[in-house]
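# A structural walkthrough
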Amino acid sequence: MAPQMIFVNLPVKDLDTSKAFYEKLGYTINPQFTDETAACVVISDAIFVMLLTEEKFRDFTAPGKTVADATRSTGVLLSLNAESREKADELADRALEAGGSPAKEPMDLGFMYGRSFADPDGHHWEVFWMDPAAAQG
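The following refers to the structure shown. (Residues numbered from 1 in each chain as written. Predicted model: local features only at pLDDT ≥ 70, side-chain atom pairs only at ≥ 80, totals over all residues. Heavy atoms only, no water.)

## Details of the overall build of the chain
What counts here: Each helix is a run of DSSP H or I of at least 4 residues and each strand a run of E of at least 2, with the numbering of both proceeding from the N terminus. Computation of the radius of gyration draws on C-alpha atoms alone. For the globule rule, the value is 2.2 Å times the number of residues to the power 0.38. Categorising residues by exposure relies on relative accessible area from a 1.4 Å probe, with only protein chains included: less than 20% of the type maximum marks a residue as buried, more than 50% marks it as exposed, and the intermediate range marks it as partly exposed. What sets the accessible areas is the Shrake-Rupley method with a 1.4 Å probe; for residues, cover comes only from the shown protein chains. For the purpose of counting charges, residues Lys and Arg are taken to be positive, whereas Asp and Glu are taken to be negative. His and the chain ends are not included. Where a charge lies is defined by one atom per residue type, namely NZ (Lys), CZ (Arg), CG (Asp) and CD (Glu).
When helices and strands are counted, the chain shows 4 helices and 9 strands. Counting helices and strands in the order they occur from the N terminus, the chain gives β-α-β-β-β-α-β-α-β-β-β-β-α. Taking 14 Å as the expected radius of gyration for a compact globule of 137 residues, we find that the chain reaches 16 Å, a close match to that expectation. Considering only C-alpha atoms, the chain reaches an extent of 45 × 40 × 30 Å along its principal axes. When burial is assessed residue by residue, the chain has 39% of its 137 residues classed as buried. Within the structure as shown, the chain displays about 8,500 Å² of accessible surface, and the carbon and sulfur contribution to it stands at 52%. Put simply, the chain has 12 plus and 22 minus side-chain charges, and the middle of one group is 4 Å from the middle of the other.

## Overview of the sheet that holds strand 1 (residues 6-12)
To keep it simple, the criterion reads: At least two DSSP bridges between two strands are required for those strands to pair. Here the axes come from fitting lines to C-alpha atoms, over the contacting stretch only for helices, and the angles between their N-to-C directions go from 0 to 180 degrees.
Strand order in the open sheet formed by 4 strands is 1-4-3-2, with mixed pairing between adjacent strands. Looking at which strands have only one partner, the edges of the open sheet turn out to be strand 1 and strand 2 (28-30). Across the sheet, the axes of successive neighbouring strands diverge by a mean angle of 35°, strand direction being ignored. Looking at chain direction, strand 3 (residues 38-42) and strand 4 (residues 47-53) are connected through 5 bridges and run antiparallel.

## Here's the deal with the pairing of strand 9 (residues 124-130)
Counting buried residues along strand 9, 5 of its 7 residues qualify, which places the element largely inside the surrounding structure. As paired elements, strand 5 (residues 77-81) and strand 9 share 5 bridges and run parallel to each other. When the sheet's bridge partners are listed, Leu78 is paired in strand 9 with Trp125. With 7 bridges joining them, strand 8 (residues 112-118) and strand 9 adopt antiparallel strand pairing. Pairing of Phe117 across the sheet is with Trp125, part of strand 9. The antiparallel hairpin formed by strand 8 and strand 9 contains 5 residues in its connecting segment, where Gly122 sits at a positive phi of about 90°.

## Digging into the environment of Ala92
Keep this limit in mind: It only takes one pair of heavy atoms within 4.5 Å for two residues to be counted as in contact.
Within the fold, Ala92 resides in helix 3 (residues 85-97). In this structure, the C-alpha to C-alpha distance between Ala92 and Gly114, residues 22 residues apart in sequence, is 9.2 Å. Non-local contacts of Ala92, meaning those with residues more than four positions away in its chain, are made with Arg115 and Phe117.

## Notes on the packing of aromatic side chains
Quick note on the threshold: Under the pairing criterion, centres of Phe, Tyr and Trp rings, with the six-membered ring standing for Trp, must be within 6.5 Å; the plane angle then separates stacked pairs below 30 degrees from edge-to-face pairs above 60, leaving the rest tilted. Two limits define a charge over a ring: the Lys NZ or Arg CZ must be within 6 Å of the ring centre, and within 35 degrees of the ring normal.
Summed over all chains, the structure comprises 5 aromatic pairs. Seen in terms of ring centroids, Phe7 and Phe48 are 4.7 Å apart; in terms of plane orientation they differ by 15°. Their pairing is stacked. On the criterion of sequence distance, the pair formed by Phe7 in strand 1 and Phe48 in strand 4 is long-range, its members being 41 residues apart. Taken together, a centroid distance of 6.3 Å and an interplanar angle of 55° make the contact between Phe21 and Phe117 tilted. On the criterion of sequence distance, the pair formed by Phe21 in helix 1 (residues 15-24) and Phe117 in strand 8 is long-range, its members being 96 residues apart. Considered together, Phe21 and Phe117 belong to a single accessibility category, that of buried residues. Aromatic ring contacts, followed pair by pair, group Phe21, Tyr22, Phe117 and Trp125 into a single cluster. In this arrangement the basic side chain of Arg85 is found over the ring face of Tyr113, its NZ or CZ atom lying 4.2 Å from the centre.

Okay, here's the thing in structure tokens:
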């Protein structure tokens, strides 16, 4: 049985800026699902981020709902695991170098470590590593 996939849809103000940001993080854009209103960012074989212009995003929302401004409020926290503390730092550092901004201070609990950043549209991302032994018990 194939793993279930997730497609996270995010509204963006400038599609080209957002595509460039995620490409600088090391992700690819799937051209099959990309046009002037949307871009499919491939995070892994099962995780995809659909960057949608705000106008296109509105087409998918319930009637009467507004598109949230992620620079002013948080509607979702997006979390990705990393294979090590160093890999968590690498991704967060690349995000900051690519135009992202710090979302909060790093978290270090010994058995778990995390960094966070906001993308150019203010969407809050967490990158964390957890000691496999701690995760098992």
